[in-house]
Amino acid sequence: MNRQPIITLTTDFGTADGYVGAVRGVILSICPQAVIVDITHEIPPQDVAHAAFSLHSAARYYPPGTIHLAVVDPGVGTDRRHICVTSGDQVFIGPDNGLFSPFMGEDATVIELAENEFWLEAISLTFHGRDIFGPVAAHLGCGVEPGKLGPEIQDPVLLASWKNVIRPGRLEGAIVHIDHFGNCMTSFTPDQIESMGPFSIWMPGNGSAPESGIIRNTYADVDLGEACWLVGSVGLVELAVNGGNAEQTFGIERGDPVMIESKE
Amino acid sequence: MNRQPIITLTTDFGTADGYVGAVRGVILSICPQAVIVDITHEIPPQDVAHAAFSLHSAARYYPPGTIHLAVVDPGVGTDRRHICVTSGDQVFIGPDNGLFSPFMGEDATVIELAENEFWLEAISLTFHGRDIFGPVAAHLGCGVEPGKLGPEIQDPVLLASWKNVIRPGRLEGAIVHIDHFGNCMTSFTPDQIESMGPFSIWMPGNGSAPESGIIRNTYADVDLGEACWLVGSVGLVELAVNGGNAEQTFGIERGDPVMIESKE
Amino acid sequence: MNRQPIITLTTDFGTADGYVGAVRGVILSICPQAVIVDITHEIPPQDVAHAAFSLHSAARYYPPGTIHLAVVDPGVGTDRRHICVTSGDQVFIGPDNGLFSPFMGEDATVIELAENEFWLEAISLTFHGRDIFGPVAAHLGCGVEPGKLGPEIQDPVLLASWKNVIRPGRLEGAIVHIDHFGNCMTSFTPDQIESMGPFSIWMPGNGSAPESGIIRNTYADVDLGEACWLVGSVGLVELAVNGGNAEQTFGIERGDPVMIESKE
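Description of the structure in this document.

What counts, and where the lines are drawn
Residues numbered from 1 in each chain as written. Chains lettered and ligands numbered in written order. Predicted model: local features only at pLDDT ≥ 70, side-chain atom pairs only at ≥ 80, totals over all residues. Heavy atoms only, no water. Phe/Tyr/Trp six-rings, centres within 6.5 Å; stacked < 30°, edge-to-face > 60°. Helix = DSSP H or I, 4+ residues; strand = E, 2+ residues; numbered from the N terminus. Buried < 20%, exposed > 50% of the residue type's maximum accessible area, 1.4 Å probe, protein only. Least-squares fit on C-alpha atoms with pLDDT ≥ 70 in both. Contact = heavy atoms within 4.5 Å. Buried area = accessible area lost by both parts, 1.4 Å probe. Polar contact = N/O pair within 3.5 Å; in protein donor to acceptor, adjacent residues only side chain to side chain. Nonpolar A, V, L, I, M, F, W, Y, C, P; charged D, E, K, R; others polar.

**Focus on the packing of aromatic side chains**
- Under the counting rule described, the total for this entry stands at 15 aromatic pairs over all chains.
- Aromatic side chains Tyr19(A) and Phe127(A) sit 5.6 Å apart centroid to centroid with 85° between the ring planes, which places their arrangement in the edge-to-face category. Separated by 108 residues along the polypeptide, Tyr19(A) in helix H1 (residues 19–30) and Phe127(A) in the loop between strand S6 (109–112) and helix H3 (128–141) bring together distant segments of the chain. Accessibility classification places Tyr19(A) together with Phe127(A) in one group, the buried group.
- Measuring from ring centre to ring centre gives 4.0 Å for Phe92(B) and Phe103(B), while their planes differ by 25°; the resulting arrangement is stacked. In this pair, Phe92(B) sits in strand S5 (residues 90–95) while Phe103(B) sits in the loop between S5 and strand S6 (109–112), placing the two residues 11 residues apart along the sequence.

**Structural notes on the relation of the copies chain C and chain B**
- The two copies are related by a screw motion: chain C maps onto chain B through a turn of 120° and a shift of 0.0 Å along the axis, at an RMSD of 0.1 Å. Such a combination of turn and shift is consistent with a three-fold rotation axis. Rotation axis and chain C: the residue whose C-alpha lies nearest the axis is Val35(C), separated from it by 5.1 Å.
- When you check the interface residues of chain C against chain B, a mere 3% turn up at the interface there too, and the two sides of the contact use different surfaces.

**Some words on the relation of the copies chain A and chain B**
- For the match of chain A to chain B, the screw axis carries a shift of 0.0 Å, the RMSD comes to 0.0 Å, and the turn is 120°.
- Interface overlap between copies: only 4% of the residues of chain A at the interface are likewise at the interface in chain B, consistent with a contact formed by different surfaces.

**Concerning the interface of chain C and chain B**
- Taken together, the contacts link 30 residues of chain C with 27 residues of chain B.
- Buried surface at the junction of chain C and chain B, both sides included, amounts to about 2,300 Å², of which 58% is carbon and sulfur.
- For the chain C face of the interface with chain B, the top three residues by lost area are Tyr61(C), His180(C) and Ser233(C), together amounting to 26%.
- At the junction of chain C with chain B, the criterion picks out 15 residue pairs in polar contact (both at pLDDT 80 or more).
- Where the side of chain C that touches chain B is concerned, the elements lending two or more residues are strand S2 (35–40), helix H2 (48–59) and strand S12 (227–231) of chain C.
- Partitioned by chemical class, the residues of the side of chain C that touches chain B number 14 nonpolar, 12 polar and four charged.

Set out below in structure tokens:
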């Protein structure tokens, strides 16, 4: 049998109202065989960068052909574009506001959603998740080719990305994401650090966050309540507190600088 | 292939315990091919009117034949009736306490769930979602006709509904729902207002809520932090604050009066 | 047609990040026909006993063959074992930390997950739900026999269980679970109490919790705001406040003693 199409949802709608329920209904009305899977509906309101990171950390685990619908959309009702991004073997649908930046590699194709035959008939100006993006995702799930949705575009909006600054014996990066456990992810991969030999990692401008020469493998490598730098589950070096909350303990915010210096 | 039956869930159970999980298990045990879809489990505890509105705003987007299971049930274990409502091309299962008022139009048929062969064998007095409503929804999903569930009744409980008062050059309505963003929905549709020509809308008895002669199309039509009256996504005129919370900003409660006066 | 395999999820991950979404993706990549059903993702962080109770109260309602994936895992990355438990007609996958104690009856078979061909290739040390337990559950769902996953073991970790102390004319038990409504479940079943004839139930050491000689059937048997002992929906005697929160009202904690004395 043909596999049922998978459509994931990532939004900042919360789950207290019927909004997500309406989107699910729209999708099932157009494509009854769709399997709808939640990534999260609790993105901090209008935090596009947080959504991009969460989606990036989950999407890679989905099967080829998965359609990812993401709606964190501060510009709803303005003239920001609606887009469909094909990247690797997956497809992304949502507003053109940088949400899909992690998937905008060289192999990505971006289409502007222009053909309103794939939308609901009545389009509100405040709920495009239900009226435009949900219907388009459902039509894709049921076999419509992305090329039918509108023209290709070359200038999608991209989030400013954290580019580590590489200096002799030194890497300058930043905190790029904080999860709801308060774990603070940096822009560094373990590989980058290993290549340096003996090193020290710390947060300039934050006197309370610990300086260390060791990247741990798991929380339980340190005592309960103790902080450590470790390799997190998304493949980045992160600052965490075993059984605690590093964000609150050290007063860390996204964008705070992180420094690594070679000790050789 | 036959479409899989869709059963939606709307409750005030929250998601922190295994209660919703038990309902899902009961449904899948009776009707393994059911597709279970959440509308919301975060209705404010025992707030039947809030549930009725949330269900109404989502149900219309579901395919014909969808079964909507809703359990907000302050009277569980008393002699309040259990009902099945057939309305349009959809079916609703739950307690007879007004929850399905929006669907009680002239074409609605209401059946009292009386045949306990479609219930679990052991019936608790505090969890009818699991023991009665879930099993009945599952049996309907797998082909039982509503007429087999019990006798038709003519006197279902109805919520008092907001009826706008129409006076010469004047409409008197109310706030009928507040969502978790703090958007305050009125009992007015845009059509009703447009038919008046030039007008003014305001909340008598609330000096801080703004008076206006314009209904906006989207939040972004006003500056960040500014309030506006606009056409909301459920098709009603609502009071909102762009990037903010109108309920908290103006101290609004459900039932507060809203007035529209013609300025011709 | 063959029934689609059902895989339930019980975790303390919360739903604010993409973690649960990643687990769902892993499962669907390995076993696309799996039906993934949430029990809850809001177990209090690292509270293994709370998770065991929640899973126990929901699992019994699932069809034969259901696979229950549960991850509340304070020891992730240490040498605690990964296990698969076959109990009755259901299967459980997760860490060997007592999480599955309620299912460790005489008919249970416990296997240590040792065959890493059923895991993801890259195993993080902090997210075994995604890298080990999710993949194993998916392989089971798609037909792998539990016996292929590793060797049988005889000494799974068990939670200390509440054993009521039976004395002449007296039962000594405890509060074993508190749900998010604040209902406080005891270690007593209604049967145990009925067999005593006239009785009194109270909480020694808690002067504010009520003493009573009656077990109620439903919340509505007492006035709004009034406390009562009643038969809860999981089949245990519990202390509740109609329309209120018994945990907060009386300052109750899990493990607090509860006493029943015969009055004959």
